[in-house]
Amino acid sequence: MASLPRRQFIGGSAAIAALAAVAACSNKSGSSSSGATAVSSASFEGTGPITWVQGKDNSGGMVQKRLDEWNKLYPDEKVTLIELSAEADQQRESFVNNAQTKSDAYDVISVDNVWVSEFAANQWILQLPESELVNDDVIEAVLNTGKYMNKLYAMPFATDSPIMFYRKDLLSQAGVDVPTTWDEVKSAIDAVRKLSGHESIGGFGGQFAKYEGLTCCASEFINTAGASFYDDKNNVTINSPEAIAGLQNLVDGFKDGYIPKEALEWKEEDGRNAFEAGNLLFYRQWPYEYANDLDKLGLDKFDVAALPAIDGKTFVPTLGGHNCGISAFSKNKATALKFVKWFTNAESEKYALDTQTLAPILSSLYEDKDMLAKFPYLPTLKKSLDSAKGRPKAVNYGDVTAAIQDAIYPAIQQTTEPKAAIEGLEKALKALAS
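Because the structure is a prediction, the values reported are computed rather than measured.

Counting 129 residues, the largest nonpolar core has Trp52, Phe282, Phe339 and Ile412 as its most contacted members. The leading source of residues in this core is helix α18 (residues 397-412), at nine residues. If we ignore the near neighbours within four places in the chain, the residues touching Phe339 are Ile50, Trp52, Leu67, Trp70, Val79 and Val108.

A complete count under the given rule lists 20 salt bridges for this structure. In this structure, Glu132 and Lys341 form a salt bridge, with 2.7 Å as the shortest nitrogen-oxygen distance. On the criterion of sequence distance, the pair formed by Glu132 in helix α6 (residues 130-133) and Lys341 in helix α14 (residues 333-343) is long-range, its members being 209 residues apart. The partly exposed category is assigned to Glu132, whose relative accessible area is 45%. Given the relative accessible area of 33%, Lys341 is considered partly exposed. With a shortest N-O distance of 2.5 Å, Arg272 and Glu269 are connected by a salt bridge. Here Arg272 pairs with Glu269, and both are found in helix α12 (residues 268-276), just three residues apart, close to one helical turn. Taking relative accessible area as the criterion, Glu269 reaches 34% and is therefore assigned partly exposed. Beyond isolated ion pairs, a larger network of salt bridges with shared partners links Glu269, Arg272, Glu276 and Lys296.

As a further point, take the sheet that holds strand β7 (residues 163-167). On the basis of which strands lie adjacent, the open sheet formed by four strands has the order β8-β9-β7-β10 and mixed pairing. Edge positions in the sheet fall to β8 (202-205) and β10 (302-305), since each of these pairs with one other strand and no more. Here the strands of the sheet are splayed against their neighbours by 20° on average, with no regard to which way each runs. Bridge analysis of β7 against strand β9 (residues 280-285) gives four bridges, and the strand direction is antiparallel. Bridge pairing in β9 links Tyr166 to Phe282. Lying over the sheet, α12 contacts β7, β9 and β10, oriented at roughly 150° with respect to β9.

Rules used in this analysis
Residues numbered from 1 in each chain as written. Predicted model: local features only at pLDDT ≥ 70, side-chain atom pairs only at ≥ 80, totals over all residues. Heavy atoms only, no water. Core = buried A, V, L, I, M, F, W, Y, C linked by side-chain atoms within 4.5 Å. Buried < 20%, exposed > 50% of the residue type's maximum accessible area, 1.4 Å probe, protein only. Helix = DSSP H or I, 4+ residues; strand = E, 2+ residues; numbered from the N terminus. Contact = heavy atoms within 4.5 Å. Salt bridge = Lys/Arg side-chain N within 4 Å of Asp/Glu carboxyl O. Pairing = 2+ DSSP bridges. Axes fitted to C-alpha atoms, helices over the stretch in contact; angles between N-to-C directions.

As structure tokens, this is what we get:
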């Protein structure tokens, strides 16, 4: 298909999205094929205006303020912010539309780390010069989220890993220490439920609705038990005693009443509302909630801790985050690369943490005195990042995560046994790989 002019693409994106939705019914991943190969090298030429494309900015304009600084420095290479939907699936659809029409409307895009393999394999984003972007301060596990076939295609600018929010006022009233193990979490719930007025408080919450949050949360129980979905050679390895045991722990949480049944319909904000309303004692959540709770509850009522060890094994959180990718169809690739370097430097990373509570990619910022004073949870978050694990690096990740959700959700609803769920998931993942 011929390239669409920048203005024409933006103006006609709604119509293109409607057509893409039809195509998505037959191919969730949007990949051209499982055998697609990535661009091995790129020529970064062309200077001039570019666009930075991301999901909806909920920071009160702080992203634009940072971009204004770039525009003052480089008035001949102005960057324009394009905000997409707040929903990740719709963001991805817009990026895929842009790539499939070979439009130059998008120059630098915010790539969810689970999209990197798909976008690289389909040659929608360019291989980046790692030596020009990376230094020893970049957290290695975070950097790896931007790699496909051991090559860097998307430079991280914000990472993420969940932590455990808890009502410290209620634990104090019950005379309970902050739990560090799953058994201690359950005991703490039992103790708080003995307090007058809190007999029916929800115990441990997470994002267990049938969407990407379920993949993240279920993966944590499975990975913590010592299992994995794939091995290093991309062979399906999910059907193991460890995976069954991990899923059983999650299912038992629902069965025994420690995870509220309402959580079967919870996404991030649903659980946050329950926690802030005093209807939940512990909440597995991303760090962005900290600023919200600070305003709503105050530090006299809540705090954060590492997620609990289970069966003697350190909890393995799911690694989140977003990376900068350069569109293969950008006309000003030299400026785009220059922008990525600037947008991921130490000054930009500190700004993003300070103004948007985005978890930085640099280890040093987790020890920065100014940031520690403002965000005392940073050491807890760094500990979570150090033990975190990414989701499967699959070119057809959309199909993979759908298969995980289809298998796990009936198990936590207690309509399927964990063993049968894991066996079914193995079959589904092998079918996708064939």
